[in-house]
Structure formats: structure tokens, C-alpha cells
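Report on the structure
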Amino acid sequence: ITRLIQRRRISVLVCVPQMLELMRDYIVHAVPAAAEPRAGAKWYASWWQYRAVHRLLGWKFWSFVVGAAPLDPDLEEFWRKLGYVVIQGYGLTETAPVATLNHPMETRRGSVGKAISGVEIRIAEDGEILLRGENVTPGYYGEDAGSMLDAEGWLHTGDIGELDETKNLHILGRRKEMIVSPSGLNVFPEDVERVLNAMEGVRESAVVAAKEGANERVHAVLVLANNVDAAGVVAMANSKLEAHQGIRGFSVWPGESLPRTSGTGKLKRVEIAAWVAGRSPAASEAPVARSLDDPGLSSLDRIEVMMEIEHRTGVPVEMQSQTVASLPAEPLVFPEWNRSWPSRLLRRLVLPAIILPLARLFAWIKVEGAHNLRGFEGPVIFASNHQSHFDVPAIFWAMKYGWRYRTAPAMAKEFFDGHFHPQRHTLLERFTSSLNYYLSCLVFNAFPLPQREDGTREAIRYAGELAADGFSILIFPEGKRTDTGEILPFQPGAALLASRLGIPVIPIRLEGLERVLHKNAWYATPGRARVIFGAPMRLEGTDYARLAKEIEAAVRRLN
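Residues numbered from 1 in each chain as written. Predicted model: local features only at pLDDT ≥ 70, side-chain atom pairs only at ≥ 80, totals over all residues. Heavy atoms only, no water.

Some thoughts on the overall build of the protein chain
Heads up, the rule is: Each helix is a run of H or I in the DSSP string that is no shorter than four residues. Each strand is a run of E no shorter than two, and both are numbered from the N terminus. The buried label goes to any residue with under 20% of its type's maximum accessible area, the exposed label to any with over 50%, and the partly exposed label to all in between, with areas taken from a 1.4 Å probe on protein chains only. Contacts between residues were defined by any pair of non-hydrogen atoms, one from each residue, lying within 4.5 Å. Accessible surface is estimated by sampling points in the Shrake-Rupley manner with a 1.4 Å probe; for residues, cover comes only from the protein chains shown.
On a plain count of helices and strands, the protein chain comes out with 20 helices and 22 strands. Residue burial in the protein chain is summarised as follows: out of 559 residues, 49% are buried. Taking all contacts inside the protein chain whose residues are at least 6 apart in sequence as the whole, residues at least 24 apart take part in 67%. Of the roughly 27,600 Å² of accessible surface on the protein chain, 55% is carried by carbon and sulfur atoms.

Focus: the packing of aromatic side chains
Put simply, the rule reads: Each Phe, Tyr or Trp ring, with Trp reduced to its six-membered ring, pairs with another whose centre is within 6.5 Å; inter-plane angles below 30 degrees give stacked pairs, above 60 give edge-to-face pairs, and intermediate values give tilted ones. By definition here, charges over rings are those cases where NZ of Lys or CZ of Arg is within 6 Å of the ring centre and within 35 degrees of the ring normal.
All chains considered together, the criterion is met by 18 aromatic pairs. On the numbers, 4.8 Å between centres and 15° between planes, the contact of F334 with Y462 is stacked. Of the two residues, F334 sits in the loop between α11 (322–325) and α12 (341–362) while Y462 sits in helix α17 (residues 456–468), which places them 128 residues apart along the sequence. Judged by relative accessible area, which is 12%, F334 ranks as buried. The class for Y462 is buried, based on a relative accessible area of 5%. Relative to Y437, the ring of F420 lies with its centre 5.3 Å away and its plane at 80°, an arrangement referred to as edge-to-face. Residue F420 is found in helix α15 (residues 417–420), and its partner Y437 is found in helix α16 (residues 427–444); the two are separated by 17 residues along the sequence. Each of the two residues, F420 as well as Y437, counts as buried. Taken together, the ring pairs connect W337, F415, F416, F420, Y437 and Y438 into an aromatic cluster. Above the face of the F471 ring, R406 is positioned so that its terminal group lies 4.1 Å from the ring centre. In this structure, K413 packs its charged tip against the face of F420, placed 5.4 Å from the ring centre.

A short note on the sheet that holds strand β6 (residues 119–123)
For the record, the criterion: At least two bridges found by DSSP between two strands is the condition for calling them paired. Helix axes use the C-alpha atoms of the stretch in contact, all axes being lines fitted to C-alpha atoms, and the angles between their N-to-C directions lie in the range 0 to 180 degrees.
Sheet architecture is open: four strands sit in the order β6-β7-β8-β9, paired in antiparallel fashion. Across the chains shown, the open sheet's two edge strands, defined by having one partner strand only, are β6 and β9 (169–174). Averaged over neighbouring strand pairs, the angle between their axes works out to 50° when direction is ignored. Bridge count between strand β7 (residues 128–133) and strand β8 (residues 155–163): three bridges; the pairing is antiparallel. For L130, the partnering residue across the bridge sits in β8 and is H156.

Section: the pattern of salt bridges
This is how it is decided: Take a side-chain nitrogen of Lys or Arg and a carboxyl oxygen of Asp or Glu: if they are within 4 Å of each other, that pair is a salt bridge.
Inspection of the entire model under this criterion finds 14 salt bridges. One salt bridge connects R546 with E550, and the closest N-O pair in it is separated by 2.6 Å. A residue pair is termed a helical-turn pair when its members lie 3 or 4 positions apart in one helix, as R546 and E550 do in helix α20 (residues 544–556) at four residues. According to the relative accessible area criterion, E550 is partly exposed, its value standing at 32%. Each of K366, E368, R509, E511 and R530 takes part in a single network of salt bridges with overlapping partners.

Here's the deal with the environment of V221
Along the chain, V221 turns up in strand β13 (residues 215–224). By relative accessible area, V221 is classed as buried at 0%. Between the C-alpha atom of V221 and that of P254, which follows or precedes it by 33 residues, the distance is 9.9 Å. Each residue touching V221, except ones within four places of it in the same chain, is listed here: E204, S205, A206, S251, W253, L258, I272, W275 and V276.

Quick word on the confidence of the model for the protein chain
In plain terms, the rule: As a per-residue measure, pLDDT reflects the predictor's confidence and takes values from 0 up to 100.
Considering every residue of the protein chain, the mean pLDDT works out to 80; 84% of them sit at 70 or more. Ranking the helices and strands of the protein chain by mean pLDDT puts strand β21 (residues 505–511) first, with 93, and α11 last, with 37. When the criterion is pLDDT under 50, residues 280–305 qualifies, and its contacts beyond four places in sequence or with other chains add up to 70 contacts. Segment residues 307–329: pLDDT under 50, and 32 contacts once partners within four positions in sequence are set aside and those in other chains are kept.

Side note on the sheet that holds strand β17 (residues 381–384)
Across the sheet, seven strands lie side by side as β16-β22-β21-β17-β20-β18-β19; this open sheet has mixed pairing. Unpaired on one side and paired on the other, β16 (363–368) and β19 (447–449) mark the two borders of the sheet. Geometrically, the sheet is characterised by an average inter-axis angle of 25° between neighbouring strands, direction not taken into account. Here strand β18 (residues 407–412) pairs with β19 via three bridges, running parallel. Paired with A412 across the two strands is L449, which belongs to β19. The sheet contacts of α12 involve β16 and β22 (527–533), and relative to β16 the element is tilted by about 95°.

A word on a nonpolar patch on the surface
Short version of the rule: Patches in this entry comprise residues that are over 30% relatively accessible and not in a salt bridge; like charges within 9 Å are linked, as are nonpolar side chains (Val, Leu, Ile, Met, Phe, Trp, Tyr) within 5 Å.
Taken together, the side chains of L428, F431, L435 and L439 present a nonpolar region at the surface, about 430 Å² in accessible area. By secondary structure assignment, the location of L439 is in helix α16. Judged by its relative accessible area of 44%, L439 falls in the partly exposed class.

Rendered as C-alpha cells:
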């Protein structure tokens, strides 16, 4: 194929990701200067800067169209930096076979593009990608027609994904391969494998779920170079992974390569998982050492351990160990300026004069259960389902004057990634993210709450400070906005806060706001909505997953 490209016979190559890997290795060997291309240049500048590469492959060749298997973002970025266009698509044999495709002039990194004409995409409650259209086959040969589709004609792909604000589809992983951590967060094997495969001495890796009682744990299967310490590799990988992704066990594969499918080269995870489950643990697995500074511990695990140490010793953890004090690696700074008297004064002017009237103009809100707030003093934790960016204004409008200005909404820290991690984003993205962050803190008295990153312990302490000052906390335990109005499973964060702070929870149910401002919409559409306040409830214990289900059940009962 490379020879055909060099002979100027090919201008666009349709291939699988493995072909991009082979060609990258070829290019790096032939043109060493291309090993680490620099980012940020326009395509024409990259063509000139890396003209040796383009001369080698021929000036007619300009693009890769990639499908059939997940594409490593670093591999995609490598070719983009050299000035080539990488166009990802997505589909199945059952969709004949393309369902989404990036526009060549509007490619988005990590995305497989938008739905092609005639195809509808929907993200189910559990994150599964559903497809519907005339290109979707109704059934397999020899089976009943329609057996593949649900009652509404949707094809359940088995892939987990999400739609961004521009309706580009991002594939997160396979549903059957997804690992649910004990803290309720999803772990996608490809994300962990990407980190492992970048480690020195790792030839290849596979990540599967290992059962530990009723829980699933992240387990790595490694193929290593000679004399490489597997435990050291795992410890180093854990230092680079997010808390909930931490590897809890590992095995070294006895062969020279992991089993893969022919053609696409996908890992045979079922076969690998069966080998992990059936082998002798003593012979093939060394347990990963668990310590307080091990990033493999979930945020909730670390909080429990740290608080227990502090309780028994009476000494703050930060004063006991420099290693422990380094967790999280990047200290999370919480806003205090938004509780100053100028900020409070501005909030009391802006909310009733501008924000809430604008919200009411679009959301025609019916308030129910307001009597549950009468004669009841805060602080409390308001736990609500999450439908739209209109949720906070709608809840604030439904509250009485006394509650409105003594409530601090928790917002997902990851939503403001450009503010907290500017090195990952462009100048415009950093500016927009920081502007949204400061406006949210100022106008709504909001504060960041990590969902997938470190900083949960600091968030609990900050919430404790808010409660001590008499502020109630508004939190959305689902962690993300709904797609069609359904209520998603509640994460344990709100339960942990309520139990640890010893304050009551008031459940809130929202209805109709996803139609007013859908998460994928650019503008609001006027419509009816409901805000329903439930009776206060007390939570006790440390089984936060169970307590979260109690809050979720209370919200679901509000009709």
C-alpha cells in the first residue's frame, strides 16, 4: 500500500487503525524528524514543515478514512500534526455499514462524526448507542424479521457513547466490556490499555473485569519484554490513571502476544477474561499492593481511609505523610470570593432582575411540594435529577427568597476542564471555560465537585464549610444531564455528603426542562416544566451506594 501511495496511485486511503500504526512506524523510521511532530500549525504549514514525509508518500495523498476498530487518539493526532486529514466513521454490518462519518473539512478529534442522512442516533439511559434508519437491516437471514430491533425500531448496537454539543458521536467502549467500579463509575478498558501500552517494556495489554464478591475490579493482562517488573509497570500506570480507573490486579500472559481477531486485530476479551477467571491466582497473579497513596483507590476509598486515620490519630493526614499530602496531585482551589459582601450584593441584584425573569420567560414552571420547606431551616442537601442547564435557575425560582440566596449548587468540575486543565485546550476554549466558571460561581454561588478526578475529599471539606456558614447545597447525583427526561442512576456523592455532614436531604424532581433546553440544543424553546420538592430525609451509614439508591427512589416517587 505504501508503494502504491508513493507511486501517486492513491490520494485517500480507507483502512483500519492497525494500518495507521504500521505506516507511522515506517514514517518514523524513514524520517526521524517526524517522530514527535509539533502541534498548532495550519495544515499548509505542516505540509511544508514535514515536506519530507509528504514527498515520501506523494503530494497527491492527503487523507485517511478509518473505521472497523477504535482509533487511538494519540495515533490520530500524530497524523493530524503532519498535515494529513484523519476521517473517522462508525457503523456495523447491520447498518449497511456506515451510520456516522466526519466531514473532511470539519473533523473533530476523537469523534466518529455525525449521523449520515436518513440515520437517527439516540443515547439510551445506560449510555448505549441506538440507531434507526432505512439502512438498518430488520433481521438476520433465517431469523424472524424485526428480531434485532426494539418496539420503536431502534437497533441496540452494544456500544457505549455520547453526543457532544454539536451532535458529533464519541465512542466510549463496548457495553459488555465496560467495568463498573465499586464507586459506581464506568471504566472503559481502552482508556486503561492506552496508558499501559505507553509504558516502557509493555508490548501489549488487555484490561478485563475481575469479580471480587459482588464488585468488579480492573484487572490487567500484560505481555512484557524480558526482565520487566510487572508490579512496577502497574504502579506507574496507576499514577497516571484517574482514581476510579486504578488497576487492582494483574497477570502476565504466558505467550508472546494476546489473542486477537483476524483482519481487524481486535482483542479476544472473552477468551482473555476466561483465562483470568480460570487460572491459579497463586501461580499467575501478584496482588497489587494497596496503600493510601495508590491512585488505584477510588476517591471514596481514599476519603474513608484518610478520615479514619484522622479520627484515630487526631492529626490531619496532610501533617502525617508527604506522600499522602500529595493526593490529589493538583490541589483543587474552591471559590471563597463569591461569598464576599460585594458578590452577595451583586447576586441579589442580578438573580431577581435578570436571570430568573429570563428563565421564567422560557420555562413555565409549576411548583409542587413547597410546603416541605416551610418551617424548616437549613442547611440541607437538595438532591435533584438533572435535565438541563435550566435546572438551577428553575429550582432557584421555585424556592422562597430565604432559601435562594443561602444555597450553593455543586457543578461538575469536569465541565470546566478548560479552566482547571488549560494545557489540554486552545486559548479560546480556556477563555470560554474560565468565563463560564467565574460567572457560575458569581451568579449562582456554585462550586466545583469532581466526578471522575481527584479532589473529592477537599470538596467534602468545602461543603462542610458551607454548611457551617448556614448554606444549603444543591447537587445533581446523576452526574450528567438526561437525554429524553429519564432519571439515570444516582452516584454516591450526595449520599456521602449527607451522611458525613449529618444534614437532611430534600429530594427534588424536575420534569419538562429537557424540552426547554435540551443538552444538545443551541437555544431554549418555551415549554411547561415542574419542580417538585419532597419531604426531608435523614441518611446514616457508610454504604453510600445503598444510600444513593434511597435518594434516587425518593426522587422517582415524586409525581
